Amino acid sequence: MESADQLPASAPPLPAANLARRLDALERLDDIGTWEWDVSEDLWSVSHHWNRIHGLASPTLSTPALLEQIHPDDRSRLQAALRQIHEQGRCDFEYRIVLTEPKSVRIIQASAEMSASAPDGDTRRVLGIARDITESKAQERRHREDRALVRSIYEGIQHSVFIVDVLDGGEFRYAGLNPQHESLTGLSNALICGKTPDAVLPREAAAAVVAHYRECLRRGHPISYQEWLPFKGKETCWETTLHPISDSDGSIRRIVGTSHEITERKQAEEALRISERKWRNVLESLQDAVFIHEVRKDGLPGPFIEFNARACERLGYTPEEMRRFGPMTLDDEQAVRDSIPQAMRELLTKGRALFESVQVAKDGRRIPVENHTCVLEDGDRKILLTVCRDISERKQAEAEIRRLNADLERRIEARTAELREARDHAEAATRAKSAFLANMGHEIRTPLNAIIGLSYLLLLEEQAPPRAERLEGIRRSAQQLLAILNDILDMSKIEAGRMQLTASDFCIDDLLRQVAARIGEAARAKGLEIQIQHDGVPAVLRGDFMRLRQALLNYAENAVKFTERGHVILRASLLEARSDGRLQLRLEVEDSGVGISPEKQQMLFTPFEQVDTSTKRRYSGAGIGLAMTRRLAGLMGGTTGVESTPGRGSCFWLTAWLEAGRDSSIQPSGLEPYPDIRLREAYGGSPVLLVGRDTVDLEVLRGLLEAAGLWVDDAENGHAAVSKATSTPYALLMLDAQLPLMERLEAARAIRALPAWHARPIIATTLDMLDAERQSCLAAGITDFISKPLKPDILYALLLRALSESPGSKDPAVTTTLTEGSDDAAFEHSAPRQQADTASNTALAALEPRKMAQRLEEKPVLQEFLELIAGCDTRAFAFLTAYADRLRSALGKDAIILTEHLKSFDFDSAQKILEAHLGTPRHQDASEPGHEP
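Residues numbered from 1 in each chain as written. Predicted model: local features only at pLDDT ≥ 70, side-chain atom pairs only at ≥ 80, totals over all residues. Heavy atoms only, no water.

Peer 1: Can you tell me about the overall build of the protein chain, naming the residues and giving the values?
Peer 2: Along its length, the protein chain carries 33 helices and 28 strands. Taken across its 933 residues, the protein chain has 39% of its residues classed as buried. Considering only contacts in the protein chain between residues 6 or more positions apart, those separated by 24 or more positions represent 58%. As displayed, the protein chain has an accessible area near 51,600 Å², and 52% of this comes from carbon and sulfur atoms. (Helix = DSSP H or I, 4+ residues; strand = E, 2+ residues; numbered from the N terminus. Buried < 20%, exposed > 50% of the residue type's maximum accessible area, 1.4 Å probe, protein only. Contact = heavy atoms within 4.5 Å. Areas by Shrake-Rupley, 256 points an atom, 1.4 Å probe, with all protein chains shown as cover.)

Below, the structure is given as structure tokens:
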């Protein structure tokens, strides 16, 4: 701006008013404000428009007042600008002001220069203008931001972006590329900018690109296309969009293109087309109809989306007709009402369903089908794939099968009736057989009891070798017959399902030693060594002791029978121990006998089968023992087997599941040799009440009891037994098997209720008692049982144990009452005892001379026995077994001590006993052990 003094001289001066109006018009037109700063006075003169821009009203102000209006951060900038004006005479600068009404910050652009106001130049003035550039600054900022945004998009977009200039004459030239284009195609700006497509691309590719550019020009709006271009040495597929850019006159001078590689997508699309083609081939090759349809919002199947040709052929509809249908249209009313809704619920829950329905063809045919349907997820949609198999032939076959089944059921019912009748006859026959065996067992046991008992009693009286040996033969034959009878009855029980196991705690040592004792006599007669092994087996077990012993004894007796020399080993081992306390035990009997060939081993464990079936066989037997052992092992959850080599021996074994013993305090009881002698010594003269009918069996039982030194009183029925037990303190009560069961139970209950009988033993003899009857007897107060025929050793061992466990039998008051009672009642009770004692003493006195004569006759026998013992000859064991009864009669209780010495191979001590009996009689004190006074 020129000052007034710089106007040309020829121009007439303008009036001040006119000059002010013109200045105001200029400020309004250019939206500026003017100011003048008197530096010497520090006075700012401002125009009206300057005040409007700065939000002020005063025409003058000072520099401090102006600075108050300036933004605090820009005050130093304004002061610097004023100094620059002093120094350089001119300055252009910007500053911000803070307006209060309205509250805002404005940007001001100012220009100023120095102007001298006096001729001497001492006083100077600064003239300047100010313009509000807040809006223009905002537009510039937005413009920069827009350019930065475009640049960031241009450079940061993952697609390739290229710019093509449209030249006059219809040519195209590349103007620029974004960085992503270079990384994707390998073409840089330096390589491509300013060049035409045919200078960059192969001829065919360039021609195709130019054609697309011209198509974009022709249409005048964006176009998209796909093309294969050779970049980075390989053909790649690109999807390109061209955007035409028009000038203000509407002519298109530039094209912007965006491209992205779709090679993988094209390959995937091609793979999908191949897969769809294969799927369609598979779909059409199926012999079953296939339907694909959506699930409607109400959960039911919608119209078919896809289906195969087989579906159209089966139903007779065209593809156009099929697309209007769905399962709800094709299936019959019952399927629509029942099968399909239920199948849809199962489908939506489990994802698949199998159900049957009936489809109705176009010609009205009803086709039964089996539907295999699964759910396929397609985003939010649920697609159902259903394979429908025509099951018309199967339904016809099923109908035929049902007809045949009905006929078969009628035939089966008729056959079942026949079998039921046959079963009833068989069960009746089994019951008859069981009853017959029970009756025969009873009938056979009764005479066997008499034979065994009477032969034993006769052996006690008859000591002449020929007669005694015959009696011993009778007794052993009867016992052998009894063993066979017991095996047959037990086998019958097992087959009838009546055999029940009874569990109790026992010592494994007792089991093996009792079996060893049972075979000891026969083994010693052959000179066989018996060994017992049970290392690693718990000392106390729980199971059926009697049945285990029976099973093992069958093995042991066979081992002795078939072994002429060597040994017999009884072995127990633990196979498995479970956490619940169950134990699997293996019991073995090993011998050094004749052995068994492999082909013969297959015959074992079969009832009534023997290795040698000839009538001239060397070894006798009924062929029941091994079969019985297998059955018993099976009842205990085990099995049996054999390992044998001909000429070297055999090892028979069985397994059984038992339990760990509950009473760990049980100790091995040991063997009681000669229980009759020990019974006589400990309880001789003890009163016993024998209740039963007056039969031979009762006479045998009375004889066995009296032979053991017991005083026997009898009662013929239960009523008499109760009466006698009430008045006489017997040490023991025995109920004979001849009494009816109910009479025995009533007598046992009545006697057990007596105050003196709360702990005294009551023993019952049995023939073949069922477990239920046994439990009834125990509940009535019977403490123990012994089976007939009676074996004396077993009877005496039972009596010895029963009396030793009875506190009443050891009470001295019992003997005192019977022998030294002073009142009449006691005297009456003692009279039978005194009479019995007198009779017994008389009989003993009569027998004594004969026994002395027998001892004199047996002196050569003792002398022969002494020679064997003196020579430490093991044949002494066989001699001891063969002449056991005679040695007992001749040596008395010294026979027990001698036997114990021989068991421990103490031949010297045994020799001294025999020499004492064969030498001059010694007069010893009654207290000396080992001899009677």
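From this point, things continue past the structure.
Peer 1: Can you break down the packing of helix α17 (residues 508–526) against helix α18 (residues 545–561) residue by residue, with the values?
Peer 2: Two elements in contact, α17 and α18, have axes separated by 9 Å at closest approach and are oriented at 25°. What the angle tells us is that α17 and α18 run roughly parallel. The interaxial crossing formed by α17 with α18 has right-handed handedness. Packed against α17, whose contacting residues are D510, L511, L512, Q514, V515, R518, I519, A522, A523 and K526, the element α18 presents F545, L548, R549, L552, L553, A556, E557, V560 and K561 at the interface. In terms of residue class, the contact of α17 with α18 is made up of 12 nonpolar, one polar and six charged. (Axes fitted to C-alpha atoms, helices over the stretch in contact; angles between N-to-C directions. Parallel < 35°, antiparallel > 145°, perpendicular 65-115°, else oblique. Left-handed = near helix turned anticlockwise from the far one by under 90°. Nonpolar A, V, L, I, M, F, W, Y, C, P; charged D, E, K, R; others polar.)

Peer 1: Run through unusual backbone geometry, naming residues and quoting values.
Peer 2: Across residues other than glycine, the phi torsion is negative in most instances, and most of the peptide bonds are trans. You will see that D42, though not glycine, has its phi angle at about 50°, which is positive. Residue placement: D42 occurs in the loop between β1 (32–38) and β2 (43–46). Of the residues examined, D42 reaches a relative accessible area of 28% and is grouped as partly exposed.

Peer 1: Before we move on, can you summarise the UniProt feature "coiled-coil region" (unreviewed entry) in the protein chain with the specific residues and values?
Peer 2: Sequence positions flagged by UniProt for "coiled-coil region" (unreviewed entry) are, in local numbering, residues 394–425. Secondary structure over residues 394–425 splits into 100% helix and 0% strand, and the C-alpha atoms at its two ends are 44 Å apart. (UniProt positions renumbered as here; feature names shortened; annotations may be inferred.)

Peer 1: Tell me what's going on with the sheet that holds strand β16 (residues 381–390), and back it up with residues and numbers.
Peer 2: With antiparallel pairing, the five strands of this open sheet are ordered in space as β13-β12-β16-β15-β14. Because the sheet does not close on itself, it has two edges, and the strands there are β13 (301–307) and β14 (352–360). Ignoring strand direction, the axes of neighbouring strands in this sheet form an average angle of 35°. Alignment of β14 against strand β15 (residues 366–378), held across nine bridges, turns out to be antiparallel. (Pairing = 2+ DSSP bridges.)

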